[in-house]
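Observations on the three-dimensional arrangement
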Amino acid sequence: MLLAALIHKDLELYQTEINCLKSLTQKNSFGISNNKEKKSCLFRIEDYACLACVVFPAVYRNSPVHLLLFYFQNFLKQGESLSTRCDEFQSLLTRGCTEDMIEDPHGEYKVLQNKTPQSFKLKFKRAEDYPIDLYYLMDLSFSMADDLENVKNLGTSLMSEMSKITSDFRIGFGSFVEKTVMPYISTTPAKLRNPCTGDQNCTSPFSYKNVLKLTEDGKLFNTLVGQQHISGNLDSPEGGFDAIMQVAVCGEQIGWRNVTRLLVFSTDAGFHFAGDGKLGGIVLPNDGKCHLENNVYTMSHYYDYPSIAHLVQKLSDNNIQTIFAVTEEFQPVYQELKNLIPKSAVGTLSANSSNVINLIIDAYNSLSSEVILENSKLPEGVTIAYKSHCKNGVVSEGESGRKCSNISIGDEVSSRTPLCCCVLVHHTEDLMELHRQFLFLMLNHKAPKDIP
């Protein structure tokens, strides 16, 4: 029957062949092809092609099946895999594939339901008597000698001032100098014992020390800080970023509670950052983990300085607000750094740190008087807008609507937040995949489940 149909070019069988080929790209009412029918059709075409080629080659050479296979076989160069047929539209045209033989599917979407945005109202009031942890991180390079003298009595004095803000206040202390390798410090035996010149009695250089974990005992702070000595290094920028990273990630050793966390960073110099470690042969990126042994950072010679972005991430993850207490000379540098670190402030430190208490109070008031609304990453199709009603009747929208400033204790601000959700239903008929399976079936006689 089939032989007779082939010889006489039976139109009905020929049309069946055409319809079978067309069914490969047909969709049901939901835009999805019937995989069962597709598979059956593919094997019928394969059987028909094989039989036609053997029994009556002349008819087979003029059939759509042969023309299709012949086209694809000639499109590929010798040694090319079938996957090379998948490429960008223009690239396929350049290689000689005709436009009518290229499948270039595009996704589409339908809006199933369109509702007006939903909104909700938030109210914020600055908390009274909220607990505070403050960690004072100080540069102990030689140029900070006179500053150390003034900080030695900081504990009890700051305790007294902060008691006007909160009844639950703790204070801690840490110090830093530099990485303990050349060219940041001198590694000669004599300079490792005493890096200072003349009759100055300085302690051996170190990267970072956690001198005192957070405590309510202001007198203990004064005692331990009073026992500290200045050290020294060779270059001007300091290794403060190594210290900040350890303070941020070593929560247990520092003693951070789940309260307002303040880090006061005091220095009269700039800072090294990621990449500077290469000067000392240190190429491994900072791993952002705690490496304190006996309250001393032990991996400064092994890991590079952290990057600014890395510090921002760790400070944010641990909810730490930074106050940069720096001398007038380095104000521009740290102002730029402040712009990169959310929830940070900069204060001008006097030449001998005599104004450090007022600096800390002012910076704290600046940080605590600002509320910023943030949201986690939103799923696709969901957007949030902010409209804030701040102090003195100030109304802000858009990005500015996230923030209210100059909020005093007792002030209440509100924000109306419209939430818009647009759910899209996507469907794409993957004709490229269909043709890939078709050619593998026809040329390699593989079932779809075997196709790599």
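In what follows, the structure referred to is the one given above.
Rules and cut-offs
- One numbering rule holds for all chains: residues counted from 1, following each sequence as written.
- Predicted model: local features are reported for residues with pLDDT of at least 70 only, side-chain atom pairs are reported and counted for 80 or more only, and whole-chain, interface and lining totals are derived from all residues.
- Side-chain numbers here rest on the full set of heavy atoms in the structure, without hydrogens or water.
- Put simply, DSSP marks the helices as runs of H or I at least four residues long and the strands as runs of E at least two long, and each gets a number from the N terminus on.
- Accessible surface is estimated by sampling points in the Shrake-Rupley manner with a 1.4 Å probe; for residues, cover comes only from the protein chains shown.
- Residues with no salt bridge and a relative accessible area higher than 30% make up the patches, which join like charges within 9 Å and nonpolar side chains (Val, Leu, Ile, Met, Phe, Trp, Tyr) within 5 Å.
- We define a salt bridge as a side-chain nitrogen of Lys or Arg found within 4 Å of a carboxyl oxygen belonging to Asp or Glu.
- Within this scheme the basic residues Lys and Arg register as positive and the acidic residues Asp and Glu register as negative, but His and the chain ends are omitted.
- A single reference atom marks each charge: NZ on Lys, CZ on Arg, CG on Asp, CD on Glu.
- Classification of residues uses two cut-offs on accessible area relative to the type maximum, computed with a 1.4 Å probe and protein chains only: under 20% is buried, over 50% is exposed, and between them is partly exposed.
- Comment: axis = line fitted to C-alpha atoms, over the contacting stretch for helices; angle = value between 0 and 180 degrees taken between N-to-C directions.
- Note that the term roughly parallel is reserved for angles under 35 degrees, roughly antiparallel for angles over 145, roughly perpendicular for angles of 65 to 115, and oblique for everything else.
- The crossing is said to be left-handed when, going from far helix to near helix, the turn is anticlockwise and less than a right angle, and right-handed when the turn is clockwise.
- Contacts are residue-level and defined by heavy atoms, with any inter-residue pair within 4.5 Å sufficient.
- Three residue categories are used. Nonpolar comprises Ala, Val, Leu, Ile, Met, Phe, Trp, Tyr, Cys and Pro, charged comprises Asp, Glu, Lys and Arg, and polar comprises the others, including Gly.
- Being paired, for any two strands, means DSSP has found at least two bridges between them.
- We call a crossover right-handed when, viewed with both strands directed away from the observer, the connection leading from the first strand over the helix to the second proceeds clockwise.
- Aromatic pairing here means that ring centres of Phe, Tyr or Trp (its six-membered ring) are within 6.5 Å. Orientation follows from the plane angle: under 30 degrees is stacked, over 60 is edge-to-face, and everything else is tilted.
- Here a polar contact is recorded for every N or O atom pair within 3.5 Å, except that within protein the pair must consist of a potential hydrogen donor and a potential acceptor, and residues adjacent in sequence are included only if both atoms are side-chain atoms.
- What we call a nonpolar core is a set of buried Ala, Val, Leu, Ile, Met, Phe, Trp, Tyr and Cys residues that are connected through their side-chain atoms within 4.5 Å.
- Two cysteine sulfurs form what is called a disulfide whenever their separation falls within 2.5 Å.

1. Structural notes on the overall build of the protein chain
The helix and strand tally for the protein chain stands at 16 helices and 17 strands. Split by element, the accessible area of the protein chain, about 24,500 Å² in all, is 52% carbon and sulfur.

2. Quick notes on a positive patch on the surface
Together, K121, K123, K387 and R416 make up a region of like positive charge exposed at the surface. A residue is classified by how much of its surface remains accessible, and K387, at 33% relative accessible area, is partly exposed.

3. Description of the packing of helix α11 (residues 240-249) against helix α13 (residues 308-317)
At a minimum axis separation of 9 Å, α11 and α13 run at an interaxial angle of 25°. As judged from the angle between their axes, α11 and α13 are roughly parallel. Of the two possible hands of crossing, α11 and α13 adopt the one that is left-handed. On α13, the residues that touch F241, I244, M245, A248 and V249 of α11 are I308, H310, L311, K314 and L315. For the contact of α11 with α13, the per-class residue count stands at 8 nonpolar, 1 polar and 1 charged.

4. Let's talk about the pairing of strand β10 (residues 344-349)
Along β10, 5 of the 6 residues are buried, which leaves the element largely enclosed by surrounding structure. For strand β9 (residues 320-327) and β10, the ladder comprises 6 bridges, and the chain directions are parallel. Bridging from a neighbouring strand, I323 pairs with A345 of β10. On the question of chirality, the crossover connecting β9 to the parallel β10 by way of helix α14 (residues 331-340) is right-handed.

5. Re the packing of aromatic side chains
Geometry of an aromatic ring pair is reported as the spacing of the ring centres plus the angle between the planes. Taken as a whole and judged by the stated rule, the model has 12 aromatic pairs. Both rings, one in F173 and one in F221, keep their centres 5.7 Å apart while their planes meet at 90°; by these two values the pair is edge-to-face. Placement of F173 in strand β4 (residues 169-176) and of F221 in helix α10 (residues 218-226) is noted, with a sequence separation of 48 residues between them. Given the relative accessible area of 0%, F221 is considered buried.

6. Things to note about the side chain of N210
Of note, N210 is situated in strand β5 (residues 208-215). A polar side-chain atom of N210 sits 3.2 Å from the main-chain carbonyl oxygen of Q253.

7. Thoughts on the environment of E397
Position of E397 relative to the elements: it lies in strand β14 (residues 395-397). Once the C-alpha coordinates of E397 and S415 are considered, the two residues, 18 residues apart in sequence, prove to be 9.6 Å apart. If we ignore the near neighbours within four places in the chain, the residues touching E397 are Y386 and K387.

8. Some thoughts on the pattern of salt bridges
Any two side chains of opposite charge can pair, so long as their charged atoms come close to each other. Enumeration according to the criterion identifies 7 salt bridges in this entry. A salt bridge links R257 to D133; its shortest N-O distance comes to 2.8 Å. Within this pair, whereas R257 is found in the loop between α12 (251-254) and β6 (260-267), its partner D133 is found in strand β3 (residues 132-139), the two being separated by 124 residues in sequence. By relative accessible area, R257 is classed as partly exposed at 22%. As a salt-bridge pair, K164 and E161 come within 3.4 Å of each other at their nearest N and O atoms. Three or more residues are tied together by salt bridges with common partners; here these are D133, D168, R170 and R257.

9. Description of the side chain of Q331
Turning to its location among the elements, Q331 is positioned in helix α14. Polar side-chain contacts of Q331 include one of 3.2 Å to the backbone oxygen of G347. Ignoring anything within four residues of it in the chain, the contact list for Q331 reads V326, V346, G347 and T348.

10. Comments concerning the nonpolar core
Counting residues in hydrophobic clusters, the biggest one holds 35 residues, and the most contacted among them are L134, Y136, M138, L154, L158, F169 and F173. In terms of residue count, the dominant contributor to this core is helix α15 (residues 356-368) (8 residues).

11. As for the state of the cysteines
Inspection of every chain in the model, using the stated rule, returns 3 disulfides. A sulfur-sulfur separation of 2.0 Å characterises the disulfide bridge that pairs C250 with C290. With the S-S dihedral at roughly 110°, the linkage between C250 and C290 falls on the right-handed side. Placement of C250 in the loop between α11 and α12 and of C290 in the loop between β6 and β7 (292-293) is noted, with a sequence separation of 40 residues between them.

12. Structural notes on the environment of G240
When you line up the elements, G240 lands in helix α11. Relative accessible area serves as the criterion here: at 1%, G240 is assigned to the buried category. With residues near it in sequence (within four places) discarded, G240 still touches F176 and F265.

13. Some thoughts on the packing of helix α8 (residues 154-162) against α15
Their axes nearest at 10 Å, the elements α8 and α15 cross at an angle of 40°. Handedness of the crossing formed by α8 with α15: right-handed. Of the residues in α15, those in contact with L154, S157, L158, E161 and M162 of α8 are V356, I357, I360 and I361.

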